[in-house]
Amino acid sequence: MGFELLWKWWLSENNYEENKMTLYIGREASKLWKRICSETTTELTLLFENWKYLLAGLICQYIHGLAARGVHYLHRPGPTLQDAGFFLLPELGQDKGYISETLFSTLFLCFVLWTFHPFICKSKKIYTVLIWCRVLAFLVASQFLRIITFYSTQLPGPNYHCREGSKRARLPRPESVLEVLVIDFRGIVYGCGDLIFSSHMIFTLVFVLTYQKYGSQRFIKQLGWLVAVVQSLLIVASRKHYTVDVVVAWYTVNLVVFFIDKKLPELPDRSTGATSLMLPLSNKDRDSKNKEENHKLINGNAGDPADWGRPRSQVNGKIVEDPKTVNGDSDAMNGV
């Protein structure tokens, strides 16, 4: 009898805990769904305002792909150039080239997931649309410089498929315009001629620099820089680029991000719910805005700029719009 009572008590307690857990999970799921819906509404509004910048950035990515494919037609295989990194770093070999690509793909995926974390996490410091507008601006500026450099001088590719005797070292003459305009995504791995400077390092450094500024976890920031250094070594060790391609990428991308970031407006504070366009104000608009703000400070109000020329008088420390009112008040005080 005592055992049966103990068994019933245990079942009742177990059911209570299960019901409590079910209610908790349901409540958290409801909060998560509301958060996702709210964030989606906000991001769609920002997307509607900034879709032109995102589209322009994606088009530039396509142009960069066309340029990389075009220089492959101009590539001529030859002896590998003398390179300090090739002497210092052991060669990974053709069968281990995937290590570099795996690390880069992991970094790329982690960054993309981080930019979408406001849809799920409570701590929201960024807007997904605005952060990608910023990232694309950095990528486009860096890739524009890259196109100029690798078309200026074509170097013999150090990668295995770019050397003498490889069928991929030279692309056959295109038979139609469509063949040129359609990007072969295998060129990301098997391209030749687009050397100075490394496209992989452009993406890597832009991602790391962006998280450095807008990320919240110090450990991940330090890990990101470590990954960037390891990525640089792996690119040279796998003979995908010369050392100069990696070195130029390090200081070029950092300088590009530094100067472009100054031109772009700062991301709005999420605590205020404010939004802003990504394009910076022109000098004329900035001067006009500063003039208006200074005028507001002088007059102590936020009046319309059209009212700047309206005569004002000061009585007892107060600014009065109509001088007649001032005279009337003065006459009343004098008993007139």
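**Quick notes on the overall build of the chain**
Part 1 of the argument: For the chain, the count of helices and strands is eleven helices and two strands.
Part 2 of the argument: Counting from the amino terminus, the chain carries its helices and strands in the arrangement α-α-α-α-α-α-α-α-α-α-β-β-α.
Part 3 of the argument: Classification of the 336 residues of the chain by burial places 34% in the buried group.
Part 4 of the argument: When the accessible area of the chain is evaluated, it comes to approximately 21,200 Å², of which 64% is carbon and sulfur surface.

**Overview of the side chain of Glu-101**
Part 1 of the argument: With respect to the helices and strands, Glu-101 occurs in helix H3 (residues 98-115).
Part 2 of the argument: The buried category is assigned to Glu-101, whose relative accessible area is 17%.
Part 3 of the argument: For Glu-101, the side chain forms a polar contact with the side chain of His-200, separated by 3.0 Å.
Part 4 of the argument: Excluding its chain neighbours within four sequence positions, the residues that come into contact with Glu-101 are His-200 and Lys-240.

**A word on the pattern of salt bridges**
Part 1 of the argument: Counting across every chain of the model gives five salt bridges.
Part 2 of the argument: Among the salt bridges present, the one from Asp-261 reaches Arg-134, with a minimum N-O distance of 3.0 Å. With Asp-261 in helix H9 (residues 243-263) and Arg-134 in helix H4 (residues 128-152), this residue pair connects regions lying 127 residues apart in the sequence. Pair check on accessibility: Asp-261 and Arg-134 agree, each one buried.
Part 3 of the argument: A salt bridge links Arg-146 to Asp-194, with the shortest nitrogen-to-oxygen separation between them at 3.1 Å. Placement of the pair is Arg-146 in helix H4 and Asp-194 in the loop between helix H6 (187-190) and helix H7 (199-214), with a sequence separation of 48 residues. The exposure classification of Arg-146 matches that of Asp-194, with both residues buried.
Part 4 of the argument: Connected through salt bridges with shared partners, the residues Arg-134, Lys-213, Asp-261 and Glu-266 form a single ionic network.

**Side note on the packing of H4 against H7**
Part 1 of the argument: Packing of H4 against H7 leaves a shortest axis separation of 10 Å and a crossing angle of 145°. Crossing handedness for the pair H4 and H7: right-handed. In contact with Ile-131, Arg-134, Val-135, Phe-138, Leu-139, Ser-142, Gln-143 and Arg-146 of H4, H7 contributes Ser-199, Ile-202, Phe-203, Val-206, Phe-207, Thr-210, Lys-213 and Tyr-214.

**Observations concerning H7**
Part 1 of the argument: When the terminal C-alpha atoms of H7 are compared, their 23 Å separation across 16 residues agrees well with the 22 Å that a helix rising 1.5 Å per residue should span.
Part 2 of the argument: By the criterion of burial, H7 is predominantly enclosed, with 14 of the 16 residues buried.
Part 3 of the argument: Two to three positions downstream of the cap, the backbone nitrogen of His-200 sits 3.4 Å from a side-chain oxygen, assigning the N-cap of H7 to Ser-198.

**Quick look at unusual backbone geometry**
Part 1 of the argument: The step from Ile-196 to Phe-197 runs through a cis peptide bond, and the omega angle for that step is 5°.
Part 2 of the argument: Secondary-structure assignment places Phe-197 in the loop between H6 and H7.
Part 3 of the argument: At Arg-239, a residue that is not glycine, the phi angle is positive and equals roughly 60°.
Part 4 of the argument: Locating Arg-239 in the fold gives a position in the loop between helix H8 (218-237) and H9.
Part 5 of the argument: Its relative accessible area of 5% is what places Arg-239 among the buried residues.

Calculation rules
- Residues numbered from 1 in each chain as written.
- Predicted model: local features only at pLDDT ≥ 70, side-chain atom pairs only at ≥ 80, totals over all residues.
- Heavy atoms only, no water.
- Helix = DSSP H or I, 4+ residues; strand = E, 2+ residues; numbered from the N terminus.
- Buried < 20%, exposed > 50% of the residue type's maximum accessible area, 1.4 Å probe, protein only.
- Areas by Shrake-Rupley, 256 points an atom, 1.4 Å probe, with all protein chains shown as cover.
- Polar contact = N/O pair within 3.5 Å; in protein donor to acceptor, adjacent residues only side chain to side chain.
- Contact = heavy atoms within 4.5 Å.
- Salt bridge = Lys/Arg side-chain N within 4 Å of Asp/Glu carboxyl O.
- Axes fitted to C-alpha atoms, helices over the stretch in contact; angles between N-to-C directions.
- Left-handed = near helix turned anticlockwise from the far one by under 90°.
- Expected span 1.5 Å × (residues − 1).

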